[in-house]
Amino acid sequence: MEEDFMPRIIGFLCKWCTYAGADLAGVSRIQYPPSILPIRVMCSSRVDPLFVISSFLRGADAVLVAGCHPGDCHYQRGNYYTRRRYAVLRKIFEELGLEADRLRLSWISASEGRRFADVITDYTERIKKKGPNPVKKEVFL
Amino acid sequence: MEEKIGVYVCECGPNIAEKVDIERVLAAVSSIEGVAVAERYKLLCSEEGKKFLKENIEKHGLTHLVVAACSPKQHELTFMNVCEEAGLNPYLFQLANIREQCAWIIEDKDEATEKAIRYVRAAISRVRYHIPLEKKEIEANPDVLVIGAGVAGIEASLLLASRARKVYLVERESSIGGKVKGFAQLFPRMESASALLEPKIKQVVENKNIELMTESEVEQLLGFFGNFVVTVRKKGGEERELNVGAVVVATGLQEFDVSGLPQYGYGKVDNVYTAGEFERMNSPDGPTQGKVLLKDGRAPRSVAIIHCVGRQEKGYCSRVCCLYSLKLAQYLKSKIPEVQVCQFYSDLCLPGKPYQRFYEETKGKGVDFIRAEKVEISEGEGGVAVNYSSESGRLEVRNFDMVILATAMEPAHGSAKLAEILNIGRGVEGFFIEEHEKLGPVSTSLEGIYIAGCAQGPKGISESIVQAEAAAGKILASLVPGRKLEPEVKVSEISEAFCIGCKTCISVCAYNAITFDELRRISVVNEVLCRGCGNCAAACPSGAARHRHFTFRQIYHELMETLR
Ligand code: FES
């Protein structure tokens, strides 16, 4: 693929865990690719599947939904709903012939700055290999 | 009114200035429609910085503010306060995090600058759709209802009353003191239980701030944190309505009924007792005045204590049985020094500071420990036979004069009904469930209702007291006489026009904050109970549920601009 292709990955991050984890990566000066574009939500359960679909239609190369570890959601069970919605979303993607591996769900806590950076680095590498989101060209907006 | 968005980029000393080309950021956003000013400043969170911002908001008559600086975790509140001082609604503000999630993680200045521009543009796009939100204040009642007058309930009541809170202590029995009242001594120091309990009971009775209501039960609870209305009924008597701001549930536990497990011979073989029965026999005001006797009136020469009775069936370790089994052995040894005591255990659970020593001490008094599986109790030759499979897997039999079953603990009877009345959850084991194991260990899913002691799960006296103090502390800190409550502002609301009455939102809400209005056939959010996670907004199929400050429009426009 193109050498200097830097994917654009929308990251829906819950305020309590993953967003704080991303802050910690920054405070620890851990470097990771600028691919991730964070959108802060109170809880991963706020992520309406429509947001994810809209991201793709608008040309995101991938989407990351990330929140607190199971059992650690600050709203008790929010991330369990997230997990279910994510599973449904993957199914829909597969049905429609879209690339479900441009979707990712991760649990990253406020203390896992290193892990946040690792997840972003790894995900970016994978998407780089896949190339830009083809939907971007196909869908007329 | 014409939109006037002010954009301010903080240099954050060298932190941002060295990594991001701020001039380029300003140039990229200053021509965006609606942006009235775009400027940089060396340190916006400093006193001069805040003054600069305030003056700018006033001078330019800004309608919206975007600050590009550090993480919202650091200074979102700081800048919201500046807005407020400048007369701008603090929710018409958006912070773009170009430090932690931009300047500090990207080496290349060009890349960092481009990313910063994206963040700031997205913030501008989002802030346009922000809606002013107003802080709400509601009156709160600082009085407290405590349900259950065992050690936990008593402790919570005393602590609350010491801070001049009116406490209604409701107990269904005729006397207070709970399970501990029936104990002679307490592990691990074997001190007298009444020496601990009696002074506390006296304090409760004498305390003018505590209104003790014995032989009474809670029948109904309405309202929400700060404003509960509770109906309490006295046995065979009148009903009373109480107004309280918070509730502590300290209803404790009870011994699991072993008659359902025939292998233990309970009720069929003579001289087989549960630990609770033995505790009563040992008590000076028990049926034998504290003498440990067999059915025929003799003192036992040998006693077996069987651990983990019901653990398998209940599916959890009751945590205190090993310890009270050691205590029972000590009772026996001190009353009948020559008695032979044998503990049949499968795993010894001795967590915490003092208990290893307590175990060694008990063992040192001549108590035997046998690791056994598949224990069965039957009629033996001249006594009770304990049949078991030893550690090596061999089947063995030993005869004893008496057998004590260390039974598992289960929630006090009536817990299911109470959970329904209070609208709080129970775990699979039936105990009341805490909001979060680590983040909210004494809170429940309903704000203002706390759990303490064994109502939350089996535990010892010291842990029960810790929880009681924690619950009381939570209440003292959140319900202060004369102070109003400020509920979360960024909560959900449901549009009457769009709601189709499908109740999806009700099913996903973890806080019972949404109810169904049968008359209008729509869901309604109680804004005091809502904590603002936004789950209902994501779940609502008709777009009726809106999460304030995280509305579909706001997030959508942030998203679209991020990707432009
Ligand atoms: S608050 Fe982090 S996932 Fe719910």
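About the criteria used
Residues numbered from 1 in each chain as written. Chains lettered and ligands numbered in written order. Predicted model: local features only at pLDDT ≥ 70, side-chain atom pairs only at ≥ 80, totals over all residues. Heavy atoms only, no water. Helix = DSSP H or I, 4+ residues; strand = E, 2+ residues; numbered from the N terminus. Rg over C-alpha atoms; globule rule 2.2 N^0.38 Å. Buried < 20%, exposed > 50% of the residue type's maximum accessible area, 1.4 Å probe, protein only. Areas by Shrake-Rupley, 256 points an atom, 1.4 Å probe, with all protein chains shown as cover. Lys, Arg positive; Asp, Glu negative; His and termini not counted. Charge placed at Lys NZ, Arg CZ, Asp CG, Glu CD. Pairing = 2+ DSSP bridges. Salt bridge = Lys/Arg side-chain N within 4 Å of Asp/Glu carboxyl O. Contact = heavy atoms within 4.5 Å. Buried area = accessible area lost by both parts, 1.4 Å probe. Polar contact = N/O pair within 3.5 Å; in protein donor to acceptor, adjacent residues only side chain to side chain. Nonpolar A, V, L, I, M, F, W, Y, C, P; charged D, E, K, R; others polar. Core = buried A, V, L, I, M, F, W, Y, C linked by side-chain atoms within 4.5 Å. Domains from an automatic or database assignment.

K.L.:
Looking at this structure, I do not really get the overall build of chain A. What am I missing?
P.N.:
Scanning chain A for helices and strands turns up five helices and four strands. In chain A, the order of α-helices and β-strands from amino to carboxyl end is β-α-β-α-β-α-β-α-α. On C-alpha atoms alone, chain A measures out to a radius of gyration of 15 Å, which is about the 14 Å that the 2.2 N^0.38 rule sets for 141 residues. Summarising its shape, the C-alpha atoms of chain A cover approximately 40 × 30 × 20 Å along the three principal directions.

K.L.:
Help me understand the overall build of chain B in this model?
P.N.:
Of the regular secondary structure elements, chain B holds 17 helices and 27 strands. Along the first, second and third principal axes, the C-alpha set of chain B runs to 100 × 60 × 45 Å. Looking at chain B as a whole, 56% of its 564 residues qualify as buried. A total accessible area of about 24800 Å² is found for chain B, and carbon and sulfur atoms account for 49% of it. Side-chain charges of chain B comprise 69 positive and 76 negative groups, with the mean position of each set lying 2 Å from the other.

K.L.:
How should I be thinking about the pairing of strand 3 (residues 64-69) of chain B in this particular structure?
P.N.:
Regular strands place their side chains on alternate faces of the sheet. All names here are of chain B. In terms of burial, strand 3 is largely enclosed, as six of its six residues are buried. Burial along strand 3 is two-sided: the residues H64, V66 and A68 and L65, V67 and A69 are all buried. Judged from the five bridges that link them, strand 1 (residues 5-10) and strand 3 form a sheet pairing that is parallel. Within the sheet, the bridge partner assigned to V7 lies in strand 3 and is V66. Two elements, strand 3 and strand 4 (residues 93-97), share five bridges in a ladder whose sense is parallel. Looking at strand 4, one finds that V66 is bridged to Q94.

K.L.:
How should the pattern of salt bridges be read in this particular structure?
P.N.:
Residues and elements named next belong to chain B. With the rule as written, the count across this model stands at 47 salt bridges over all chains. The closest approach of N and O atoms between E11 and R40, which form a salt bridge, is 2.8 Å. On the criterion of sequence distance, the pair formed by E11 in the loop between strand 1 and helix 1 (14-17) and R40 in strand 2 (residues 35-41) is long-range, its members being 29 residues apart. Note that R520 and E496 form a salt bridge whose closest N and O atoms lie 3.0 Å from each other. Note that R520 is positioned in the loop between strand 25 (514-517) and strand 26 (522-525) and E496 in the loop between strand 24 (492-494) and helix 15 (504-508), a separation of 24 residues in sequence. You can call R520 partly exposed: its relative accessible area is 41%. In this structure E496 comes out as partly exposed when scored by relative accessible area, which is 47%. Bridged by salt links that share partners, the residues K136, E493, E527, R546 and R548 form one connected network.

K.L.:
How should the interface of chain A and chain B be read in this particular structure?
P.N.:
Across the contact, 46 residues belong to chain A and 47 residues belong to chain B. Together chain A and chain B conceal approximately 4000 Å² of surface at their shared face, both sides included; 57% is due to carbon and sulfur atoms. When the area that chain A buries against chain B is broken down by residue, the three leading residues are R46(A), R58(A) and Q76(A), summing to 16%. One salt bridge connects E76(B) with R40(A), and the closest N-O pair in it is separated by 3.5 Å. Counting across the interface, chain A meets chain B through 18 residue pairs in polar contact (both at pLDDT 80 or more). At the level of elements, strand 1 (9-14), helix 1 (18-27), strand 2 (36-41), helix 2 (49-57) and helix 3 (78-96) of chain A are the ones that each hand at least two residues to the side of chain A that touches chain B. Here the side of chain A that touches chain B gets seven residues from one element, more than from any other, and that element is helix 1 of chain A. Its residues assigned to classes, the side of chain A that touches chain B comprises 26 nonpolar, 10 polar and 10 charged.

K.L.:
What is the right way to read the side chain of S325(B) from this model?
P.N.:
Among the secondary structure elements, S325(B) is positioned in helix 11 (residues 321-335). S325(B) has contacts with I305(B), H307(B), Q343(B) and A406(B), leaving out every residue within four places of it along the chain.

K.L.:
I'm lost on the nonpolar core in this one. Help?
P.N.:
Grouped burial of nonpolar side chains is what soluble globular proteins tend to show. Among the nonpolar cores identified, the biggest contains 144 residues, and F12(A), L65(B), I98(B), V120(B), L145(B) and V249(B) are the most heavily contacted of them. With eight residues, helix 6 (residues 109-127) of chain B is the largest single contributor of residues to this core. For F12(A), the residues in contact, after removing those within four places along its chain, are I39(A), V47(A), F51(A), V52(A), S55(A), V63(A), L64(A), V65(A), A66(A), I555(B) and L559(B). Counting 37 residues, the second-largest nonpolar core is a separate cluster that includes F278(B), A329(B), I336(B) and V341(B).

K.L.:
Please explain the domain arrangement of chain B as it appears in this structure.
P.N.:
Reports of interface size often rely on the accessible area that becomes lost once the parts have come together. Residue and element names in this part refer to chain B. Examined at the domain level, chain B breaks down into domain 1 (5-133), domain 2 (144-252 + 412-478), domain 3 (257-409) and domain 4 (492-548). Placing the centre of domain 2 and that of domain 3 at their C-alpha centroids yields a distance of 31 Å. Contacts between the two partners involve 15 residues from domain 2, matched on the other side by 17 residues from domain 3. Approximately 1300 Å² of surface area, both sides summed, lies buried where domain 2 meets domain 3, with 68% of it carried by carbon and sulfur atoms. When the buried area of domain 2 at its contact with domain 3 is split by residue, F187, P188 and P458 rank highest and sum to 42% of it. Applying the counting criterion to the domain 2 and domain 3 interface returns one salt bridge. Its salt-bridge partner being E463, residue R319 comes within 2.1 Å of it at the nearest N-O pair. At the junction of domain 2 and domain 3, the tally comes to four residue pairs in polar contact (both at pLDDT 80 or more). Here the residues of the side of domain 2 that touches domain 3 are counted per class, giving eight nonpolar, four polar and three charged.

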